[in-house]
Each structure stands twice: as structure tokens, then as C-alpha cells.
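# Chain and residue survey
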Amino acid sequence: MRDRLTSDLGVYALSGLFSLLVFAFALWLLSRTLPGGLGSRQLVGLVVGYLLFIGAYATAWYIYSEIDSREEI
């Protein structure tokens with residue numbers, strides 16, 4: 001288990017999970033601190049932006065794993 005978590009892909013997975021937790025906390029904090037709370041347009045914009053980021057992140061993760069699997073060790 002430790003080998004998986006300390007591998008390159010494990011680090012990618014843990015950092016992706018960390019970014020999700022930070023995003024969820026930021027949404028919670030914004031909904032509590034903004035005078036009118038988060039409006040639906042603001043929320044949709046933030047979520048779509050985050051999903052685009054995660055899409056690029058997952059694509060990079062996939063490309064990296066494909067490159068890693070084709071290399072000869």
C-alpha cells in the first residue's frame with residue numbers, strides 16, 4: 001500500500017484528492033462569508049472551472065501513465 005501511495009501516480013491521486021477537499025472547503029467558506037451567499041451563476045462558474053481543471057489533470061495523469069507503461073526499464 002505504501003508503495004502505491006509513494007509512486008508517481010499515487011502522488012497524483014493524493015494531490016487530486018487534496019485539491020477536491022480544498023475546493024469543497026473554499027465553496028463552503030465562500031457560501032458562509034459572502035453577503036448574499038453564493039449565487040447559482042457564481043456556483044456554476046466555479047464548478048465548471050474546477051471540472052475543466054480536473055479534466056486537464058486527469059488527461060495529464062492518463063498521458064503520464066501511458067508514457068510510463070511504454071518505457072523500458
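Residues numbered from 1 in each chain as written. Predicted model: local features only at pLDDT ≥ 70, side-chain atom pairs only at ≥ 80, totals over all residues. Heavy atoms only, no water.

### Notes on the packing of aromatic side chains
The final tally for this structure, using the stated rule, is 4 aromatic pairs. Centre to centre, the rings of Y50 and F53 are 6.1 Å apart; their planes meet at 45°, and the pair counts as tilted. On the criterion of helical spacing, the pair formed by Y50 and F53 is a turn pair, its members being 3 residues apart in helix α3 (residues 40–70). Look at Y50 and you get buried, because its relative accessible area is 12%. With a relative accessible area of 42%, F53 lands in the partly exposed category. (Phe/Tyr/Trp six-rings, centres within 6.5 Å; stacked < 30°, edge-to-face > 60°. Helix = DSSP H or I, 4+ residues; strand = E, 2+ residues; numbered from the N terminus. Buried < 20%, exposed > 50% of the residue type's maximum accessible area, 1.4 Å probe, protein only.)

### Here we look at the UniProt feature "transmembrane region" (unreviewed entry) in the chain
With numbering matched to this structure, UniProt assigns "transmembrane region" (unreviewed entry) to residues 12–31 and 43–64. The span residues 12–31 shows a helical share of 100% and a strand share of 0%, and its end C-alpha atoms are spaced 29 Å apart. Annotated as 100% helix and 0% strand, the span residues 43–64 places its first and last C-alpha atoms 31 Å apart. (UniProt positions renumbered as here; feature names shortened; annotations may be inferred.)

### Concerning a nonpolar patch on the surface
Residues L14, L17, L20 and L21 make up a contiguous nonpolar surface patch of roughly 370 Å² in combined accessible area. Here L21 shows up in helix α2 (residues 8–33). Note on L21: relative accessible area 54%, which makes it exposed. (Patch = residues over 30% accessible without salt bridge, like charges linked within 9 Å, V, L, I, M, F, W, Y side chains within 5 Å. Areas by Shrake-Rupley, 256 points an atom, 1.4 Å probe, with all protein chains shown as cover. Salt bridge = Lys/Arg side-chain N within 4 Å of Asp/Glu carboxyl O.)

### Describing the environment of A58
Tracing the backbone through its elements, the reader meets A58 in helix α3. Relative accessible area serves as the criterion here: at 38%, A58 is assigned to the partly exposed category.

### As for the side chain of S19
By the element assignment, S19 lies in helix α2. Those residues in contact with S19, other than ones at most four positions away along the chain, are Y50, F53 and I54. (Contact = heavy atoms within 4.5 Å.)

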